[in-house]
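Architecture at a glance
Chain by chain, the residues:
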Amino acid sequence: ADIIKSAKSNNVPVDNITRAIKSASEASTGDFKESTFEAYGFGGASMVINVLSDNDNRSNADVRAAVGKNGGKMAEQGSVLFMYDRKGKVEVPAEVDEEALMEAAIENDVDDYEMEITEIEDSVVTTIL
């Protein structure tokens, strides 16, 4: 309700508001796709840009525009990505036994791991990098 009031106060047409509500409430809204873009930024710095979007054409145009406006240029597929390894981060909303974690890491050929325990609002979050 607050969002609709905000949209109306910003003079968004009622048709646009109705269309946005309809598209958000449809069952097929979970059709998101991950795309990876490669680019070179200022000074030749390489960038890997991961995007999650429901519209490939729009995300492609938006990434190209953002890179171009900031002095970068899009790279050919594979010209930047080979320099990077894909890494992960896992957050577990519980306390984890460090020995069990190390055993699991060794069994799964993990290069390195770092364990960080954070207490947030009376709960424990274990972050494994």
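In short, a report on the structure. Each chain has its residues counted from 1, following the order in which its sequence is written. Per-residue local features are limited, in this predicted model, to residues with pLDDT of at least 70; the limit for side-chain atom pairs, both in listing and counting, is 80 or more; totals at the level of whole chains, interfaces and linings are taken over all residues. Only hydrogens and water are removed before side-chain values are computed, so all heavy atoms of the structure are retained for them.

Some words on the side chain of S53
Our working definition: Only DSSP runs of H or I with at least four residues qualify as helices, and only runs of E with at least two residues qualify as strands; both kinds are numbered from the N terminus onward. Residue contacts are counted whenever heavy atoms from the two residues lie within 4.5 Å of one another.
Within the secondary structure layout, S53 lies in strand β2 (residues 46–53). Discounting residues that sit within four places of it in the chain, S53 has contacts with D31, F32, K33, R58 and S59.

Here's the deal with the pattern of salt bridges
Where we set the bar: Only one rule defines a salt bridge in this text: a Lys or Arg side-chain nitrogen within 4 Å of an Asp or Glu carboxyl oxygen. Burial classification: accessible surface area is computed with a 1.4 Å probe over protein chains only, and a residue below 20% of its type maximum counts as buried, one above 50% as exposed, and the rest as partly exposed.
Under the counting rule described, the total for this entry stands at 2 salt bridges. For K33, the salt bridge identified is with D56, shortest N-O distance 3.4 Å. Of the two residues, K33 is situated in strand β1 (residues 33–40) and D56 in helix α3 (residues 56–69); the sequence distance between them amounts to 23 residues. One salt bridge connects R58 with D54, and the closest N-O pair in it is separated by 3.0 Å. On the basis of relative accessibility, which here comes to 42%, the residue R58 falls in the partly exposed class.

Description of the layout of surface pockets
Applicable threshold: The rule is simple: put a 1 Å grid over the protein atoms alone, call a set of points where a 1.4 Å probe fits but cannot get out a cavity, call an open set with protein on both sides within 12 Å along at least five of seven lines a pocket, and count a residue as lining if it has an atom within 4 Å of a point. Grid points are joined across faces, edges and corners, and a volume is the space filled by probe spheres set on the points. Residues are grouped as follows: Ala, Val, Leu, Ile, Met, Phe, Trp, Tyr, Cys and Pro are nonpolar; Asp, Glu, Lys and Arg are charged; every other residue, Gly included, is polar.
Taken as a whole, the second largest pocket holds about 160 Å³ of empty space. Forming the walls of the second largest pocket are T36, V48, N50, L81, Y84, D85 and R86. Across the lining of the second largest pocket, the residue classes tally to 3 nonpolar, 2 polar and 2 charged.

A look at unusual backbone geometry
The phi dihedral of N11 is positive, around 60 degrees, even though this residue is not glycine. Examined against the element boundaries, N11 turns out to sit in the loop between α1 (2–9) and α2 (14–25).

Here's the deal with the sheet that holds β2
Definition in use: Criterion used throughout: strands pair if DSSP finds at least two bridges between them.
One open sheet accounts for 3 strands, arranged β2-β1-β3; its pairing is antiparallel. Two strands bound the open sheet, and with one partner strand each, they are β2 and β3 (73–74). Where β1 and β2 come together, 8 bridges link them in antiparallel fashion. By the bridge assignment, E38 is partnered in β2 with V48.

Focus: α2
Put simply, the test is: For a helix, the expected span equals 1.5 Å multiplied by the number of residues minus one.
Under the 1.5 Å per step criterion, the end-to-end length of α2 is 17 Å for 12 residues, consistent within 8% with the ideal 16 Å. Of all 12 residues that make up α2, 1 are buried, and the element is exposed over most of its length.

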